[in-house]
Every structure is written in C-alpha cells, then in structure tokens.
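Descriptive analysis of the structure
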Amino acid sequence: MSKIEMKGLSVYYGNGTVHALKDVNMKIEANKITALIGPSGCGKTTFLRALNRMNELIRVRTEGEVLIDGIDIYSKKVDVIQLRKKVGMVFQQPNPFPMSIYDNVAYGPRIHGVRNRELDGIVEESLKKAALWDEVKDRLEENAFGFSGGQQQRLCIARALAVNPEIILFDEPCSSLDPISTARIEELLSKLKREYTIVIVTHNMQQAARISDFTAFFLMGELIECGKTPQIFERPRDKRTEDYITGRFG
C-alpha cells in the first residue's frame, strides 16, 4: 500500500531558470525503506525535501502534487508545522542542539505542549527505539556534543522519533560516519521500518542494496527508474540505470 504518491512533481529554483525536478511520478510504499540514488546534483535531496516542504525555506516553485495518505501536502489547507511533525527528517551531518541529551529529545514534544513526567517516558522510549538508551541512560544531563558522531546521529534519530512521526526522511545519514557506526545505523533503520515509512538519500549503492526494499534512480532531475531493489540492481530496465550502477559514470 502506498503511503506517498507524487503526481507530476516539478521543482524550479530561483526565477524558474533551474528545473531541479522534472515531472516526477512515483509511489512510496508504507513501512518500507525506499532508497534514492544517483550522481550529485541529480535532484535526490530536492525530491526528499519536497516530501515535507523543506524546499520552501529557500526560493523555489513547486508544481504537481505530493499526496500523503491521499492528501496533497501542498494544499493551502495543510498546516506545515503538523506536516513536519508527521514527516520527520535526519540530515547528513549530525546536528544535535547545544543542550543535554534529555533536552535534545524532549525539544520537539515540548514545542507541541507535552510537559512533566510524560516527557520522561517519551525520551526513554525514543532513545530505546534509536538504540541509544543503554549507552546514555546514566548520562542524560550531559551535553550532546560530548558524544561520538555515530551516537550524535542516533540522538538526532531519537529526536525525530520523539514527536511520533509516520514518515522519516534521511539525507545521507551515514556519509560522515565510520563503518561501525554506519552498520549500527543501517541495522536501526531495518528495525524502524516496522513502524515508520523511510525514505533515504544515499551515494552508497552498497548501502542501498543492503537495506532498501525499493530503489529510485534519478538523473539530471528526472526519475529514470524505480522498482524493487533486487530488480534495480540485478535487472535494470534502463541502460542509464545499468551504467550508473556498474560505475560507467557518476
């Protein structure tokens, strides 16, 4: 069952001179991991940021529809704050806030009006889901900047989980991490898809092959091919997909 559907999605930067995404039509399945692959500048991150209207923080024009549970998120009736609560995002570089582990995770729920003891349960549950609780449960008041890059990224995942999203977007979450931390994040994502729909941008095709259920290949703003990951990697239908996966360009 599709959780997200794009119909004729196009994104233009500046005064419309840069056509970053070109008429993308695509469905994203619920409780699956969908990986977005392609060379730098192909539109992957623009596509990802279109799913929670983060592109609106810069000067863009968006055309077409992005439907989540059948509702067009670009409708004037949609509350963007509630949309970004439903569609969380984890960025390329770990970006914890300059505050304690506890306050990092509690930040989102506090904004949405959660107080007191209820926060303790949310913080603990979110850190457990992010596979970080056992490492930090006795250090919750310590500054988040004192932790390793891998721990900081899992903290950012816990922070995203704390507001109870349905979809989580990951923009190259392992690009700055060592192999051991990367493996932990990949294992975590495989568990999280039981409860959340996950979309991940990655330059690492081995990572896409390891963890994703579906893969979409973008090139110069166009969606070239999308399908189940084994099919994309083993039996691509488009010669450009095959050339990229086999390293002929990119």
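Residues numbered from 1 in each chain as written. Predicted model: local features only at pLDDT ≥ 70, side-chain atom pairs only at ≥ 80, totals over all residues. Heavy atoms only, no water.

By definition, the strands of a sheet pair up through backbone hydrogen bonds, in either a parallel or an antiparallel sense. Taken in spatial order, the six strands make up an open sheet running β6-β7-β8-β3-β9-β10, and their pairing is mixed. Bordering the open sheet on either side are β6 (87–90) and β10 (222–228), each of which pairs with just one other strand. Recorded for the sheet is a direction-independent mean angle of 15° between the axes of neighbouring strands. In the sheet, strand β9 (residues 214–219) pairs with β10 via six bridges, with the strands oriented antiparallel. The partner of F218 across the bridge, within β10, is L223. Sheet strands touched by helix α6 (residues 149–161): β6 and β7 (167–171). Its angle to β6, the strand with the most contacts, is close to 170°. Sitting on the sheet, helix α7 (residues 179–192) is in contact with β3 (33–37), β7 and β8 (197–201), with an inclination near 150° to β8. (Pairing = 2+ DSSP bridges. Helix = DSSP H or I, 4+ residues; strand = E, 2+ residues; numbered from the N terminus. Axes fitted to C-alpha atoms, helices over the stretch in contact; angles between N-to-C directions. Contact = heavy atoms within 4.5 Å.)

This part covers α7. Compared with the 20 Å implied by 1.5 Å per residue over 14 residues, the 20 Å span of α7 between its first and last C-alpha is a close match. In this fold, the buried residues of α7 make contact with β3, α4 (117–129), α6, β7, β8 and α8 (205–211). (Expected span 1.5 Å × (residues − 1).)

Another point: the environment of F47. Looking at the element boundaries, F47 is found in helix α1 (residues 44–50). Taking the C-alpha atoms as reference, F47 lies 30 Å from L132; in sequence the two are 85 residues apart.

Where α6 contacts α7, the two axes come as close as 9 Å, and the packing angle between them is 20°. When the axis of α6 is compared with that of α7, the two are roughly parallel. Relative to α7, α6 is oriented so that their crossing is right-handed. Where α6 abuts α7, its residues G150, Q153, R154, I157 and L161 lie against S181, R184, I185, L188 and L192. Within the contact of α6 with α7, the residues separate by chemical class into five nonpolar, three polar and two charged. (Parallel < 35°, antiparallel > 145°, perpendicular 65-115°, else oblique. Left-handed = near helix turned anticlockwise from the far one by under 90°. Nonpolar A, V, L, I, M, F, W, Y, C, P; charged D, E, K, R; others polar.)

We now examine the packing of aromatic side chains. Per the stated rule, a full pass over the model turns up three aromatic pairs. Looking at R61, its charged tip hangs above the ring of Y12, at a distance of 4.2 Å from the centre. (Phe/Tyr/Trp six-rings, centres within 6.5 Å; stacked < 30°, edge-to-face > 60°. Lys NZ or Arg CZ within 6 Å of the ring centre and 35° of its normal.)

Spatially, β2-β1-β4-β5 is the arrangement adopted by the four strands of the open sheet, whose pairing is antiparallel. Only two strands of the sheet have a single partner each, and these edge strands are β2 (18–29) and β5 (71–72). Relative to β5, strand β4 (residues 60–68) is paired through two bridges, and the arrangement is antiparallel. Bridge pairing links L67 to D72 in β5.

Turning our eyes to something else, we now look at the pattern of salt bridges. Applying the stated criterion across every chain, the model contains 19 salt bridges. The salt bridge partner of K86 is D69, with a shortest N-O separation of 2.9 Å. Within this pair, whereas K86 is found in helix α2 (residues 80–86), its partner D69 is found in the loop between β4 and β5, the two being separated by 17 residues in sequence. Residue K86 is classed as partly exposed on the basis of its relative accessible area of 24%. Of the residues examined, D69 reaches a relative accessible area of 39% and is grouped as partly exposed. (Salt bridge = Lys/Arg side-chain N within 4 Å of Asp/Glu carboxyl O. Buried < 20%, exposed > 50% of the residue type's maximum accessible area, 1.4 Å probe, protein only.)

The next point concerns the nonpolar core. Counting 47 residues, the largest nonpolar core has I101, L127, I157, F170, L189 and L192 as the members making the most contacts within it. When residues in this core are grouped by element, the largest group, six residues, is from α6. In this structure, I157 is in contact with V90, A130, F170, I185, L188 and L192, ignoring residues within four places of it in sequence. In this structure, I4, L51, I167 and V201 belong to the second largest nonpolar core, which totals 29 residues. (Core = buried A, V, L, I, M, F, W, Y, C linked by side-chain atoms within 4.5 Å.)

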